[in-house]
Amino acid sequence: MRGTILGAVTAIAMGSAIPQAQAAWHGYFNSEAGFSYLAPGDVKGEKTNYRSASEGQRTATVFRSVEDDVEYKVTVVNFFGRKGNDEDIIKEASALLRGANKVLSDEEARVESSYGRKMTVDLPTNGGRSMAAVYFNQGYLIELQVTVLPANGDYGSPDMGRFIDSLAFGAGREGDATELKLMR
């Protein structure tokens, strides 16, 4: 009897913990670049510059949140007026993300009909593990990158894939999703 009660209490506690953890995730979208994604925490945006070897300096916006020593980052780069094709820009961005890191995986990826690349790397000097995906949509390079920092240490966290795989194109305001504006 005591075992049954303890089991029931444990199941209830575990069941109530799951919705609380999932409640921390929220939907975000950008109608200009035509994408949406899910992320935990409070997302902040900042204007930055992106340096492309083939296309030169480009304006970019980085949307970032940090939750439990895991950094979630979406970089949106304006490539209007480019000379190169989408695939070359994706390959160049992927090479920058791989850098001098230890590559654990690097493969072609698709979201709906959009071609991209997805990779996982270990950062140098025990800096953590990062998973990233790179796509091109409506004249914008879109990079999603999640980094589990050493303070967290859960390099097999399913939250990495949940963030990367939440990307959708053509999505707009759905439910209580928050619109993020690109910075000029």
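Just so we're clear, the structure is a prediction, and the values are computed from it rather than from any experiment.

Undergrad: Just checking my understanding: could you explain empty space enclosed by the protein for this structure?
TA: It is the rolling of a water-molecule-sized probe over the atoms that shows where space remains empty. The full count for this structure, using the stated rule, is two cavities of 30 Å³ or more. What the largest cavity holds in volume is close to 50 Å³. Surrounding the largest cavity, Thr59, Ala60, Thr61, Val76, Val77, Asn78, Tyr140, Leu182, Met183 and Arg184 form its lining. Elements with a contribution of two residues or more to the lining of the largest cavity: strand 4 (56–67) and strand 5 (70–78). Across the lining of the largest cavity, the residue classes tally to six nonpolar, three polar and one charged. Roughly 30 Å³ of volume is contained in the second largest cavity. Every residue along the wall of the second largest cavity is listed here: Leu97, Arg98, Met119, Val121, Ser130, Ala132 and Gln145. Broken down by secondary-structure element, the contributors of at least two residues to the lining of the second largest cavity are helix 2 (86–98), strand 7 (114–122) and strand 8 (129–137). Taken together, the residues of the lining of the second largest cavity break down into four nonpolar, two polar and one charged.

Undergrad: Before we go on, may I ask you to explain the pairing of strand 5 in this structure?
TA: Across a regular strand the side chains alternate sides, sitting on one face of the sheet and then on the other. With eight of nine residues buried, strand 5 lies mostly within the body of the structure. Relative to strand 5, strand 4 runs antiparallel, the two sharing eight bridges. Directly across from phenylalanine 63, in strand 5, lies its bridge partner valine 74. From the end of strand 4 to the start of strand 5, which pair antiparallel, there are two residues, and aspartate 68 there has a positive phi angle of about 55°. Judged from the nine bridges that link them, strand 5 and strand 9 (residues 140–148) form a sheet pairing that is antiparallel. If you follow threonine 75 over to strand 9, its bridge partner there is glutamate 143.

Undergrad: Help me understand the sheet that holds strand 8 in this model?
TA: The strands that make up a sheet pair up through hydrogen bonds in the backbone, lying either parallel or antiparallel. Spatially, seven strands are ordered 3-4-5-9-8-7-6 in an open sheet, and the strand pairing comes out antiparallel. Edge positions in the sheet fall to strand 3 (44–52) and strand 6 (102–111), since each of these pairs with one other strand and no more. Direction aside, neighbouring strands of the sheet carry axes that sit 20° apart on average. Of the pairings in the sheet, the one linking strand 8 to strand 9 comprises nine bridges and is antiparallel in character. For valine 134, the partnering residue across the bridge sits in strand 9 and is glutamate 143. Its contacts with the sheet place helix 2 against strand 3, strand 6, strand 7, strand 8 and strand 9, and it is angled at close to 10° to strand 7.

Undergrad: Got a minute to help me understand the packing of aromatic side chains in this structure?
TA: How two aromatic rings sit relative to each other is given by the distance of their centres and the angle of their planes. All chains considered together, the criterion is met by nine aromatic pairs. Summarising the aromatic geometry, the rings of tyrosine 72 and phenylalanine 163 are spaced 5.3 Å apart at their centres and angled 70° between planes, so their arrangement reads as edge-to-face. Here phenylalanine 163 lies in helix 3 (residues 158–164) and tyrosine 72 lies in strand 5, a separation of 91 residues in the sequence. Residue class for phenylalanine 163 comes out buried when judged on its relative accessible area of 0%. Members of the aromatic cluster, joined through ring pairs, are Trp25, Tyr28, Phe35, Tyr37, Tyr72 and Phe163. Directly above the ring of tryptophan 25 sits arginine 162, whose terminal nitrogen or CZ lies 4.1 Å from the centroid.

Criteria and cut-off values
- Residues numbered from 1 in each chain as written.
- Predicted model: local features only at pLDDT ≥ 70, side-chain atom pairs only at ≥ 80, totals over all residues.
- Heavy atoms only, no water.
- 1 Å grid on protein atoms, 1.4 Å probe; cavity = no way out; pocket = protein on both sides within 12 Å on 5 of 7 lines; lining within 4 Å.
- Points joined across faces, edges and corners; volume = space filled by probe spheres on them.
- Helix = DSSP H or I, 4+ residues; strand = E, 2+ residues; numbered from the N terminus.
- Nonpolar A, V, L, I, M, F, W, Y, C, P; charged D, E, K, R; others polar.
- Buried < 20%, exposed > 50% of the residue type's maximum accessible area, 1.4 Å probe, protein only.
- Pairing = 2+ DSSP bridges.
- Axes fitted to C-alpha atoms, helices over the stretch in contact; angles between N-to-C directions.
- Contact = heavy atoms within 4.5 Å.
- Phe/Tyr/Trp six-rings, centres within 6.5 Å; stacked < 30°, edge-to-face > 60°.
- Lys NZ or Arg CZ within 6 Å of the ring centre and 35° of its normal.

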